[in-house]
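Remarks on the overall topology
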Amino acid sequence: TRAARRKRCRRREMARVRAGMENSDCRFITVTTNRGHHLDIRGGMWHNVLTRMRKRWPQMEAWTVLEWKVNVGVHMHTVVKGITVFDEEFVRRVISLSDPSANVCIKRVSDPVRLAAYLTKQLTDDRVMSGWPRYFRPVSCTRGWAPGWGSNRQWLALRTLERL
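Residues numbered from 1 in each chain as written. Predicted model: local features only at pLDDT ≥ 70, side-chain atom pairs only at ≥ 80, totals over all residues. Heavy atoms only, no water.

Before going further, it helps to spend a moment on the nonpolar core. Within the largest apolar cluster, 23 residues are counted, with the highest numbers of intra-cluster contacts made by Ile29, Trp46, Met53, Met60, Val80, Val91 and Ile95. For this core, the secondary structure elements donating two or more residues are β1 (27-32), α2 (42-56), β2 (61-69), β3 (73-81), α3 (88-98) and β4 (103-108). With 5 residues, α2 is the largest single contributor of residues to this core. Counting residues in each nonpolar core, the second largest holds 15 residues, with Ala116, Leu123, Val139 and Trp145 among its members. (Core = buried A, V, L, I, M, F, W, Y, C linked by side-chain atoms within 4.5 Å. Buried < 20%, exposed > 50% of the residue type's maximum accessible area, 1.4 Å probe, protein only. Helix = DSSP H or I, 4+ residues; strand = E, 2+ residues; numbered from the N terminus.)

Let us look at unusual backbone geometry. The backbone of Asn23 shows a phi angle near 55°, a positive value even though the residue is not glycine. As for its placement among the helices and strands, Asn23 is situated in the loop between α1 (2-21) and β1. Asn23 gets classed as exposed once you look at its relative accessible area, which sits at 78%.

The subject of this paragraph is the layout of surface pockets. In this structure, the second largest pocket occupies an estimated 200 Å³ of space. Considering the residues around the second largest pocket, the lining is formed by Phe28, Lys107, Arg108, Val109, Ser110, Asp111, Arg114, Leu115 and Tyr118. Ranked by the residues each element gives to the lining of the second largest pocket, the list is headed by helix α4 (residues 112-119), at 3 residues. Classifying every residue of the lining of the second largest pocket gives 4 nonpolar, 1 polar and 4 charged. (1 Å grid on protein atoms, 1.4 Å probe; cavity = no way out; pocket = protein on both sides within 12 Å on 5 of 7 lines; lining within 4 Å. Points joined across faces, edges and corners; volume = space filled by probe spheres on them. Nonpolar A, V, L, I, M, F, W, Y, C, P; charged D, E, K, R; others polar.)

So this is what it looks like as structure tokens:
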């Protein structure tokens with residue numbers, strides 16, 4: 001069923017974000033724009049920000065999820081790792097260059113398990129997920145976010161072995 005598929009998707013994404021945060025000093029960044037329901041926040045603004053951050057910190061990795069709320073619209077949560085000395089002002093300046101109206105909140109990750117649950121909470125909500133365009137993926141990550149992370153088929157096979 002659709003609900004079971006969404007629960008599997010949420011469990012998989014929770015495991016992936018937790019695996020990426022494991023033994024890393026991570027930062028949690030929330031970006032809210034004043035543009036209302038703006039679906040291009042990740043493809044447009046975040047792509048530019050990620051490119052500039054990677055020029056400064058080549059080892060940086062990121063996991064992002066888009067979230068939708070009626071009163072806020074679309075906003076983006078991002079967890080970044082691989083930054084030796086985090087320069088919060090640089091990140092804020094780069095985001096404001098891409099979107100001067102963006103509100104930015106940056107925090108150090110102190111509880112990865114709770115943060116993973118918070119970041120994936122909307123992945124099982126039918127009302128929210130049915131509002132996205134067809135084939136739209138609200139979650140994305142850079143290639144090195146969780147090294148050794150397998151494909152969907154490998155992940156399901158591993159879960160099946162764990163149950164035995």
